[in-house]
Amino acid sequence: MTLQTNQTELPAWSDPTVGTATRVKALMAEMTLREKVAQLFGVWVGASAEGGEVAPHQHDMEDGVDLDAILPDGLGQLTRPFGTNPVDPALGALSLLRTQERVRSANRFGIPALAHEECLAGFAAWGATAYPVPLSWGATFDPGLVRRMATRIGQDMRSVGVHQGLAPVLDVVRDARWGRVEETIGEDPYLVGTVATAYVQGLESAGIVATLKHFAGYSASRGGRNHAPVSMGARERADVILPPFEMAVREGGVRSVMHAYTDTDGIPSAADRDLLTGLLRDTWGFDGTVVADYFGIAFLKIMHGVAGDWAEAAAAALAAGVDVELPTVKTFGEPLVAALEAGDVDVALVDRALERVLRQKVELGLLDADWDPVPAVLRDVPADVLAAGSGPGEDAAAAALRGTVDLDGPANRALAREVAEQAVVLLANDGVLPLGPDVRRVAVVGPTAEDPMAVLGCYSFPAHVGLAHPEIPLGLSLPTLAESLRAELPGVTLDVLPAITLDGTSDPSSTGAVSTAEVAAADAAGIAAAVELAREADVVVVALGDRAGLFGRGTSGEGCDAESLRLPGAQQDLLDALLATGRPVIVTILSGRPYALGAAATPAPGEPGAAAIVQAFFAGEEGTPAVAGVLSGRVAPSGRLPVSVPGTEGAQPTSYLAATLAQATDVSNIDPTAAFAFGHGLTYTTFDWSDLVVSAAEAATDGAFEASFVVRNTGGRDGVEVVQLYAHDPVASVVRPVQRLVGYVRVPLAAGASARVSATVPADVLSFTGRDGRRIVEPGAIELRFGASSADVRLVAPVSLVGDARVVDHTRELHAPLVAG
């Protein structure tokens, strides 16, 4: 099908004046079976450090890929061109440009590939800003700030030619031992949903296809083990796991979803038609693409055992609703083609996925006849300079472009600083903070004191890729905590001693093999030296935390699951020894998950506890200045816990979203009570809550409640109160959590100022999944609890829902808006 345009025949699929559906249908009608299938997979590549075309990436889960053999049929996606090797951003953009020209010229329709990248803590590229990890986003309780951050991340990605970002993670924390807790936003579905939806909106506003992951239940794996099966009932899935995804689909404008690795009750997500088609598409109305988590389709054969060969795995995924195989071709290539030609797989499944993929490429402008492959950062470079050089090595264009693109400019760092400062949580403070003028000597001891990587999550580029290339500079300025404290406290003498290894298994200062016994002996000696140093100081800052890594190479991150929530290595021993000195101990934790802190957080009667505890969840490149700013008082702490801090090392899995029987009882010797509850966080001022007014004590099951009260800053400095609204349903037809978050708002107030906080609570937000599997609003008594945390309820409004029980669906109200004015 062609159209006559300005005396030139233009294929309908290339004409931007033609409707998307018509364009897609016209192109599909012209494509061979192999050309169709080629649009449904990606190839993992790495950009050239010299600006040449990308090279296929080799991985132990994939076979070698021959681009010359593949490209004549076309290519759906390019996997991680920037996030595979350290490449100068300008040269990466040039390499991607030249590769897109190759992809487009090799297939008869001129279809370029869609390029995707990771962006869980910023654009995962060498030299790009390392923002705080998602757990820190949750700690801000500030979706607007997260939306601004995501917009800037998306703009940087689009500027170099990337189209899709594999973020955010919407998994709700169910077990803090799971290594990927750092990638989540928290343990509450409403907090996760609101913050993740804001991140989606930011990415999408910049033209990046956001990708929700991991759909669904990945974080609820047994024992907190990565990829382990999920033991979860239908109600937990419906009321805890799925709401964040539903919100992001309904309100975020998201265009892609990634299936989870795990199986739930024996059904792998990648082969779950009820989930990927029945719920996601037929019920929620999602019309974007479903992409495979890396190698997830192959796992149907080699891990889940529900497919006998690659073709069966491909067929099962297609039938369930997976559209694109990532990161590279394994099952959607020759095995699928052979099965289609033999009639073992219905071509209609390929056409269904292809229609979605091509529609997205149309929306991105990739099929337009005048599509320009030159990314924004190279638009001012003359075309002849961009032309591919000849011969090996770096050509003249590449040499001229090197160092011309800055993905970590002042505006980025300022935004990273703002997020980090809002994310730092002050857990405890006996008045030692902010540090006063009488503090003249500070001992800074602990394994994260001089570690520049201590603020980075496992999906930051330096931790994810850079560590494999020690010969390449980090590409970022990463001040250590000691350096930031020196800058923050210029008149104070700092004595710095790492004292111990971070995890007790390796000595990073050693160039050779070191036995566990040798490390333990060195740690013991280091603790003794730290104690002596502490005795000479006015205040001790003990720097604890994690090292992000992959698959056991760190203490936090993908595949770095924990047996218990005891601090890694000898860190608890160091902390206890410092507490025993009697000096004021300020605990700073730079970590990817919450840890039990022993006597520091919950001292026995007569025992010393910490003077203060400051928690930062991998707060990014500006993380240590943010922590130092809280210690000095330059930054007024306003972060709140997105996950509970456990009271003991082994009481997992636990969550504040607990029914009565899941809390402390007199019939079990294990007390799961948190040391610091979800939503907790202190400030440097005080707030008074008063004058609660409720418009009516009753509302219909299809109505709403209105309530308001006054918050006043009664302290001597400006501060932020984070008002949290919890719903308590004392009697329900199924067991419910004692309370759950249904709304929140940050309330900044100058010293002495006040604001009236108003809440509208639709009955819909009080709904839950009933006995028959339908979501209902039940009549009965309800408590609306306004609190500074889940354990610090300040005001309670007893109300009642009246009338008949009402069934609600995916069109229900999702929010109980709180407004301060």
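Above this text you will find the structure in question.
Let me sum up the structure you'll find in this document.

Scoring rules and cut-offs
Residues numbered from 1 in each chain as written. Predicted model: local features only at pLDDT ≥ 70, side-chain atom pairs only at ≥ 80, totals over all residues. Heavy atoms only, no water. Helix = DSSP H or I, 4+ residues; strand = E, 2+ residues; numbered from the N terminus. Buried < 20%, exposed > 50% of the residue type's maximum accessible area, 1.4 Å probe, protein only. Areas by Shrake-Rupley, 256 points an atom, 1.4 Å probe, with all protein chains shown as cover. Lys, Arg positive; Asp, Glu negative; His and termini not counted. Charge placed at Lys NZ, Arg CZ, Asp CG, Glu CD. Pairing = 2+ DSSP bridges. Axes fitted to C-alpha atoms, helices over the stretch in contact; angles between N-to-C directions. Phe/Tyr/Trp six-rings, centres within 6.5 Å; stacked < 30°, edge-to-face > 60°. Lys NZ or Arg CZ within 6 Å of the ring centre and 35° of its normal.

Moving on, we come to the overall build of the protein chain. Within the protein chain one finds 22 helices and 32 strands. When the 821 residues of the protein chain are sorted by exposure, 61% land in the buried category. A total accessible area of about 28,700 Å² is found for the protein chain, and carbon and sulfur atoms account for 51% of it. The positive charge centre, built from 59 side chains, and the negative charge centre, built from 101, are 3 Å apart in the protein chain.

So, about the sheet that holds strand β29 (residues 780-789). Backbone hydrogen bonds hold the strands of a sheet together, and the pairing may be parallel or antiparallel. What the 5 strands build is an open sheet, ordered β22-β30-β29-β24-β25; its pairing is mixed. Here the strands that pair on one side only, and so sit at the sheet edges, are β22 (698-700) and β25 (740-749). Going across the sheet, the axis of each strand differs from the next one's by a mean of 30°, ignoring polarity. For β29 and strand β30 (residues 792-802), the ladder comprises 9 bridges, and the chain directions are antiparallel. Looking at β30, one finds that Arg785 is bridged to Val796.

Taking every second residue as pointing to the same face, both faces of strand β9 (residues 256-259) are buried, with Ser256 and Met258 on one and Val257 and His259 on the other. With 3 bridges joining them, β9 and strand β12 (residues 289-291) adopt parallel strand pairing. What sits directly across from Met258, in β12, is Val291.

This model, assessed by the stated rule, comprises 17 aromatic pairs. Each ring, one from Phe141 and one from Tyr744, has its centre 5.2 Å from the other, and the planes form 80°; the classification is edge-to-face. Of this pair, Phe141 sits in the loop between α5 (134-140) and α6 (143-159) while Tyr744 sits in strand β25, and the two are 603 residues apart along the sequence. The two residues Phe141 and Tyr744 agree in class, both being buried. Where Trp689 meets Phe709, the ring centres are 5.4 Å apart and the plane angle is 10°; that geometry is what we call stacked. Taken together, the residues Trp689 in strand β21 (residues 687-694) and Phe709 in strand β23 (residues 704-713) connect sequence positions 20 residues apart. When its relative accessible area of 8% is taken as the criterion, Trp689 is described as buried. When the ring centre of Tyr459 is taken as reference, the NZ or CZ atom of Lys213 above it lies at 5.6 Å. Above the face of the Trp310 ring, Lys301 is positioned so that its terminal group lies 4.7 Å from the ring centre.

Looking now at the pairing of strand β24 (residues 719-728). In the case of a regular strand, side chains alternate between the two sheet surfaces. Of all 10 residues making up β24, 10 are buried, and the element is well covered by its neighbours. Here β24 shows two buried faces, one formed by Gly719, Glu721, Val723, Leu725 and Ala727 and the other by Val720, Val722, Gln724, Tyr726 and His728. In terms of strand pairing, β24 meets β29 through 5 bridges, oriented antiparallel. Paired with Leu725 across the bridge in β29 is Phe786.

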